[in-house]
Protein chains: 4
Amino acid sequence: MFKFEDGKSYRMPAHFGGADFDPDARAVYNDIVSLAFSYKTDGDRLYDYIPEGFELLRPELTISYQQCREVEWMAGSNYNLVTVSAPVRFNGRHDRIEGSFALVVWENKTTPILTGNMMGVPKIYADIEDLHIFNNIYRTRLSYECSTFLRLEMTRFDQMPDADVKALHADVNSLGWRYIPKVGAPGADLSQPVLFPMRSEPNAAWTGTGTVNWTELTWDQSPTQWHITKALAGLPSIKMNPVVMTQGRSCLMEAKGRVLR
Amino acid sequence: MFKFEDGKSYRMPAHFGGADFDPDARAVYNDIVSLAFSYKTDGDRLYDYIPEGFELLRPELTISYQQCREVEWMAGSNYNLVTVSAPVRFNGRHDRIEGSFALVVWENKTTPILTGNMMGVPKIYADIEDLHIFNNIYRTRLSYECSTFLRLEMTRFDQMPDADVKALHADVNSLGWRYIPKVGAPGADLSQPVLFPMRSEPNAAWTGTGTVNWTELTWDQSPTQWHITKALAGLPSIKMNPVVMTQGRSCLMEAKGRVLR
Amino acid sequence: MFKFEDGKSYRMPAHFGGADFDPDARAVYNDIVSLAFSYKTDGDRLYDYIPEGFELLRPELTISYQQCREVEWMAGSNYNLVTVSAPVRFNGRHDRIEGSFALVVWENKTTPILTGNMMGVPKIYADIEDLHIFNNIYRTRLSYECSTFLRLEMTRFDQMPDADVKALHADVNSLGWRYIPKVGAPGADLSQPVLFPMRSEPNAAWTGTGTVNWTELTWDQSPTQWHITKALAGLPSIKMNPVVMTQGRSCLMEAKGRVLR
Amino acid sequence: MFKFEDGKSYRMPAHFGGADFDPDARAVYNDIVSLAFSYKTDGDRLYDYIPEGFELLRPELTISYQQCREVEWMAGSNYNLVTVSAPVRFNGRHDRIEGSFALVVWENKTTPILTGNMMGVPKIYADIEDLHIFNNIYRTRLSYECSTFLRLEMTRFDQMPDADVKALHADVNSLGWRYIPKVGAPGADLSQPVLFPMRSEPNAAWTGTGTVNWTELTWDQSPTQWHITKALAGLPSIKMNPVVMTQGRSCLMEAKGRVLR
């Protein structure tokens, strides 16, 4: 008979055994290429998608593409992701913290999607192209079951001086909302804000210009995602910021994640 | 600002809106081809993977392949899955129920994997071939990132008479264990047995013989699944039962699922 | 040392051995679901893509989706394809034959693409969804590296009576143009019209209405296919014909294919 | 009506238009990571797969993995490939040339497979993992429809000094056998040795140790490839050479390819 052991961490299916919890556990990504697109948008409309307890700091939407390679917890395997986020402050009774609220994260592999969701990162699936790189133009596209919904394109200009790259080394507060539904009833068993600290250590960085193109999906193209693409495509792009590309190393301080109060 | 509404059901990312909870909600699968392989195994070793509270009814492992098509909640899309289960009785303080305990479910699409996991069905990802059908032999293979770990093969013989097919129409108790880890700490926020009632209504059925071939994955092939393949490959196949193939319709009575006590 | 043997057929890589040529060889597809969309178009513009020697019989474009299962030469494996064709007559010195000229064929597996191309069927790759079936609506989409370029949708109405289905059993002349380029020089080593006889034997058939939606790809989305999607998207859909769906068996009479003169 | 134009190069489907032939055309791959595994084998058995006209220079099999990125003719897209080759000399009436005879090339994208086959490079499809990189170990696996047939693993030790890397800059003679079957008859329309000059310009290189593991496929796993895996798995690995990894730039001098005589 299988029995859960105290002090261990499990993932579903749990009954094949767990692992000792390590309070210093870090998920190291030894090679991440990241392209961050952002634009000024309509703050009122963006705020419609920010849960109570969070304050929107700027009317800005960030669409960040990451090509993750040499992922240690995946034995060196790899995946791509796109995070859509907004700058917020959590104003709780105990916690007051600024960071990036993850509205949605698309990833092209199930293993990190599952792990992340359990912890409150709202990951869902999409096909996401590796970067197409030609003539200093960097492109990717996302589709769901053959229906394109997002195209990203950066024209790379200037490499940053080393000192500026060093200045990008930073601890990042990634914020999310964990929602675990009740079984067979409306509402949630768990509905709570969460914090995921990460550390980003780029080796090189570039700036450039870029474009973000959303295509709304219809219900029949994706019954579980169409409303998300509709919401995001509906947020106006008032002014694009410069695009920033980095290459380097990142760590998820996964054991330092916590529920905010 | 986004606010959760009472009486609604949400999925992550929740802040793009939920849906009214429907107590009669059913997920209808209008076309499922199912192949059920089962064999007698070592009951003591199998029992190592059955959580406390469940009693093993027979030392039997079932490996059930399902090719799901015309899935209504996916707007008619499709996926394949393989469920590994054992016959059990849950002996709780309030509930006493017999059914099929899902040790693990491999699926080749993320959307149903995510939804299922939130409800306690231990779904993980694998590439799963559609049936290869040649000369009354039905074959499929499962791999993870190009590493094969399971091969299933059925030789189909006899079609069942209609009366016997009707007798297969049944309500099925699918049982699982929902385990939602704490954030940033060992142990679980939710760790509980769950019930998922389904209804199976085949239109046609056949019997035959078959083989099940496991290949253990190594850590470097799949750091998150190798121990599962090792456990299952280690359970001896003492005697294969006849293989049963069905074609027809199934419903998940998703709103009738519940936590067992 | 490897030597070619007379009377044998080889495929690249040839030096691992060939097979005896069978003059009665037939490639049997035991389960094909087919949806044929067609519309009246501008005959002059369509004719721009029909090679010399072929006469256009009607200004009509047919887009035929086929979900191939139980493919014998693939040991029962499967793939999807979309053929775009026009009704033509070949007026040669020796041959005078009516049939369907394959402008392009998209398939989602490389093995049949390669084999077909060697014989003059202009197959190229696309991701092609299995049918999404919901509420008597049948949908599929095609994309290339996450960029959608074709969406097909049929609403199925009436099942044909058996006698009409029998009348659909037919030998079909599929026509193509084989073009094998010279190595390291412009022009072709082989440039010739070819015939591929097939036999179609549906078990059931339905009629309905439908839509065909093309999206032009740009060069950066597909440097090898953008001009094809541009050409086809540019052909006006003047009047849609009823859509015909069939389910059944097909044979490629592959040893009866020949170069036309 | 479509007419072929002199001096142009076409690909199937040809009737959508061709391109001017450029005698200096080069296909530039701006980022290739390459791992070359090789071992001494049984020369007599290896020679069974080398066509008449070629002389085997050493009883050696090379299995070369390449992760191609920033591929210019694909607008910056990417693919992976594995080439199995042997060192040969072509002794023709006019040409006498040493190079690497491509026994088979597996690639995970159809577009380059098609283009290459037309020119005599024996490319076929497999799923090929991007490199999994962990702790200085580099791994990849190849499978066909979920059946693994090749696993490659390198442990990387020493980085080569710049002078040695420079010495690796080289023109490479890739040799193949183009075989275009007759339509509807045994034998070939074209059966000829071909040369493809490439230029390799690595920026960095490393040496290490490694292993190559073949698994024979059965007919039902791959009716078109099982005999190839059987032949290659049957060639003994008598002594592994050091594994060489490079990172850099390559060019196919595609307009300099030619049929050998």
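Right above here is the structure, for reference.
Residues numbered from 1 in each chain as written. Chains lettered and ligands numbered in written order. Predicted model: local features only at pLDDT ≥ 70, side-chain atom pairs only at ≥ 80, totals over all residues. Heavy atoms only, no water.

Peer 1: For this particular structure, what's the right way to read the interface of chain D and chain B?
Peer 2: Think of interface size as the accessible area that goes away when the parts come together; that is how it is often given. The partner chain B presents 17 residues to the 17 residues of chain D that form the contact. Taken together, the two surfaces of chain D and chain B that pack against each other cover about 1400 Å², and 50% of this comes from carbon and sulfur. Considering only the surface of chain D that becomes buried against chain B, R141, C146 and D220 of chain D emerge as the three largest contributors, covering 40% of it. Remark: the boundary between chain D and chain B carries seven residue pairs in polar contact (both at pLDDT 80 or more). Residue assignment for the side of chain D that touches chain B shows that the elements contributing at least two residues are β9 (127-128), β10 (132-134), β11 (137-144) and β12 (147-159) of chain D. The leading source of residues in the side of chain D that touches chain B is β11 of chain D, at four residues. (Contact = heavy atoms within 4.5 Å. Buried area = accessible area lost by both parts, 1.4 Å probe. Polar contact = N/O pair within 3.5 Å; in protein donor to acceptor, adjacent residues only side chain to side chain. Helix = DSSP H or I, 4+ residues; strand = E, 2+ residues; numbered from the N terminus.)

Peer 1: Explain the packing of aromatic side chains to me, please; I cannot follow it from the model alone.
Peer 2: For any two aromatic rings, the description comes down to two numbers: the centre-to-centre distance and the angle of the planes. Taken as a whole, this structure holds 56 aromatic pairs over all chains when the rule is applied. Measuring from ring centre to ring centre gives 5.2 Å for F54 of chain B and F90 of chain B, while their planes differ by 55°; the resulting arrangement is tilted. In this pair, F54 of chain B is assigned in strand β4 (residues 54-56) and F90 of chain B in strand β6 (residues 77-91), connecting sequence segments 36 residues apart. Comparing F54 of chain B with F90 of chain B shows no difference in burial state: the two are buried. Ring centres of F2 of chain D and Y10 of chain D lie 6.0 Å apart, and the angle between their planes is 85°; on these two criteria the pair is classed as edge-to-face. Residues F2 of chain D and Y10 of chain D agree in their burial class; the two are buried. (Phe/Tyr/Trp six-rings, centres within 6.5 Å; stacked < 30°, edge-to-face > 60°. Buried < 20%, exposed > 50% of the residue type's maximum accessible area, 1.4 Å probe, protein only.)

Peer 1: Whenever I open this one, the relation of the copies chain B and chain A confuses me. Can you help?
Peer 2: The two chain copies are connected by a rotation around an axis plus a translation along it. Least-squares fitting of chain B to chain A yields an RMSD of 0.0 Å, with the transformation described by 0.0 Å of translation along the axis and a rotation of 180°. Seen this way, the second copy is the image of the first under a two-fold rotation axis. It is T110 of chain B whose C-alpha, among those of chain B, lies nearest the rotation axis, at 2.9 Å. Comparing interface residues between copies, 100% of those in chain B also sit at the interface in chain A, which points to an isologous, same-surface contact. (Least-squares fit on C-alpha atoms with pLDDT ≥ 70 in both.)

Peer 1: Any chance you could explain the side chain of R178 of chain D here in plain terms?
Peer 2: With respect to the element layout, R178 of chain D can be found in strand β13 (residues 170-181). Within the structure, R178 of chain D has its side chain in polar contact with the backbone oxygen of P181 of chain C (distance 2.9 Å). Once you skip the residues sitting within four places of it in the chain, R178 of chain D turns out to touch M12, I180, P181, V183 and D189 of chain C together with M118, M119, G120, L190, S191, Q192 and V194 of chain D.

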